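Architecture and fold: a report
Single-letter residue listing:
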Amino acid sequence: MKHKFFSKETKEKIKGFWQGLEIANRDKATAQIDYEVKEMQDQFSLMLFGDAIGLPSPPVSVTMELLPLMTKDFDRMVLRASETENGFAEIASIIGEP
Amino acid sequence: MSKYKIFIGKGGVGKSTCSSLCAVNLIPDYKKISLISMDPAHNLHDIFACELNRKPKKVFDNLWVNEADLPRKQREYIKTIKNTIAGVYHYQQSLNLEKYYSILKYAPGTEEYASLLVLEEQFNDKTFDFHVIDTPPTALTLKTLALPQVNLHWINALTDMRKEILDKKNTIAKIKKLNLAKIEDDQVYLRLQNMKKRYEKLNSLLSDTNITQIIVVLNEDELSLSETNLIKGQLDDLKLTISRIVINKSEDNKEWKTKVQNLFPDTFIESVPLQKSSIIGEESLKKLCHFVK
């Protein structure tokens, strides 16, 4: 007769522990990439609407076609800038980020 | 497939006269010919001695002529901007935006985009076999011809960025064992691709010398020769070829012809002799049209 080392309940707890550890490790591994994605999305918005802080931008014929699809991205960039209470510097700093 | 001849050159050299002569010369060989003036200071109505407007008018035989209303096109374009902004920023509808739009027409880029829209209309119009286009003075024309490439430059850079964002998102999705995103589902990417197709088409139509011929008009004077040289440099940068040179109001000065030939050794050069009076009306145009082929 096979000896039961752990009860079913304990096995579930151990499984949950390892699963939690795996998720935590995955999140840790993806946190930097996640940050980069957010930065790149802001850079994308800035490439389109950078003239708000005096940066050269694509011709209006390009930006106007994309504007209706970019409202959320644009809002996020503006929100990020407003949270620092130094909007221009924050927006400009996006270009310098990795 | 329709064909196109675009006449460019310094203001006052006689682009309208040469493009009119060229259009009349095409009459026996094509079923339906269109001649359009994109110059805000139109003078085709003087050359054809009749009233013209933005709609093509049959002047004689199988030749239709019109004078594009660039300010109107610009207004229409600004209206689309206004509608876009109103659609995006609903809350601004209570504000008086009219005041702002009245100065939008002076915004950089709107004039050449309106001009490009008129040019694009010509390329999309299949009702004519041949389109002869009389352009505005050099600066605006060069900006208009460059716009598809300028826009493509930005569109390609933005597309690459969009792809990179998606790649990174998918890296995260793979690690987290989530569903992968498809680039085709990205609305911004799709819009960029549509824009790319449009400007690539315009650019290929402009670059294909079997479809579009760019003809530069000049006079026997240093200023117009110097501007022609400038045009050549800028068109070279855009990889657009000058198919012909027309020396208008020529006094058959051999020294000048050699000068121009040295500058454009591989380009066909033709001359329109200086006339005692202005070239106006059907009879005079038909008599002299063989000078501009």
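For every chain, the first residue of the written sequence is number 1, and numbering continues from 1 onward in sequence order. Each chain gets a letter, beginning with A, and each ligand a number, beginning with 1, in the order they are written. Where local features are concerned, this predicted model is filtered to residues with pLDDT of at least 70; where side-chain atom pairs are given and counted, the filter is 80 or more; whole-chain, interface and lining totals use all residues. Side-chain measures here rest on the full set of heavy atoms in the structure, leaving out hydrogens and waters.

What to know about the confidence of the model for chain B
For every residue, the predictor states its confidence as a pLDDT score lying anywhere from 0 to 100. For chain B, per-residue confidence averages 91 on the pLDDT scale, and residues scoring 70 or more make up 96% of the total. Model confidence for the complex: the whole-complex pTM is 0.85, and ipTM, which rates the interface, is 0.81.

Remarks on the interface of chain B and chain A
In this complex, chain B contributes 33 residues to the contact, which on the side of chain A involves 31 residues. When two components associate, each loses some accessible surface as probed by a 1.4 Å sphere; the sum of these losses over both components is called the buried area. Between chain B and chain A, the buried area comes to about 3000 Å², and carbon and sulfur atoms account for 76% of it. When the area that chain B buries against chain A is broken down by residue, the three leading residues are Trp154(B), Leu158(B) and Met161(B), summing to 19%. Salt bridges are defined as contacts in which a side-chain nitrogen from Lys or Arg sits within 4 Å of a carboxyl oxygen from Asp or Glu. Connecting chain B to chain A are three salt bridges. Salt-bridge contacts for Lys168(B) lead to Glu36(A); the nearest nitrogen and oxygen are separated by 2.9 Å. Here a polar contact is recorded for every N or O atom pair within 3.5 Å, except that within protein the pair must consist of a potential hydrogen donor and a potential acceptor, and residues adjacent in sequence are included only if both atoms are side-chain atoms. Viewed at the interface, chain A and chain B are joined by three residue pairs in polar contact (both at pLDDT 80 or more). Numbered from the N terminus, helices here are DSSP runs of H or I no shorter than four residues, and strands are runs of E no shorter than two. Put simply, the parts of the chain that give the side of chain B that touches chain A at least two residues each are helix H3 (70-88), helix H6 (138-175) and helix H7 (187-207) of chain B. Sorting elements by how many residues they give to the side of chain B that touches chain A places H6(B) first, with 16 residues. In terms of residue class, the side of chain B that touches chain A is made up of 21 nonpolar, four polar and eight charged. What makes two residues a contact is simply this: any of their non-hydrogen atoms within 4.5 Å. When residues are sorted by character, Ala, Val, Leu, Ile, Met, Phe, Trp, Tyr, Cys and Pro go into the nonpolar class, Asp, Glu, Lys and Arg into the charged class, and all the rest, Gly among them, into the polar class.

Section: helix H5 (residues 110-124) of chain B
All names here are of chain B. Taking 1.5 Å of rise per residue, 15 residues should cover 21 Å, and H5 covers 21 Å from first to last C-alpha, within 8% of that figure. Counting buried residues in H5 gives twelve out of 15 residues, a clear majority hidden from the surface. Remark: exposure states derive from per-residue accessible area (1.4 Å probe, protein chains only) relative to the maximum for the residue type, with buried under 20%, exposed over 50%, and partly exposed in between. For H5, the set of buried residues is Thr110, Glu112, Tyr113, Ala114, Ser115, Leu116, Leu117, Val118, Leu119, Glu120, Gln122 and Phe123. Expected helix span is taken as 1.5 Å per residue step, with the number of steps being one fewer than the number of residues.

Some points on unusual backbone geometry
All names here are of chain B. One non-glycine residue, Ala49, adopts positive backbone phi at about 50°. Turning to its location among the elements, Ala49 is positioned in the loop between helix H2 (44-47) and strand S3 (57-60). Ala49 sits in the exposed class, given a relative accessible area of 55%. A positive phi is found at Asp61, a non-glycine position, where the angle reads about 45°.

A closer look at the sheet that holds strand S4 (residues 63-67) of chain B
All names here are of chain B. Strand order in the open sheet formed by eight strands is S3-S4-S2-S5-S1-S6-S7-S8, and the pairing between neighbours is mixed. Two strands lie at the open edges of the sheet, namely S3 and strand S8 (268-273), each paired on one side alone. Adjacent strand axes in the sheet meet at a mean angle of 25° when their direction is disregarded. When DSSP finds two or more bridges between a pair of strands, those strands are recorded as paired. Of the strand pairs in this sheet, strand S7 (residues 242-250) and S8 are connected by five bridges, and their pairing is parallel. Counted as the bridge partner of Ser250 is Pro273 from S8. Every axis in this analysis is a line fitted to C-alpha atoms, fitted for helices over the stretch in contact. Angles between the N-to-C directions lie between 0 and 180 degrees.

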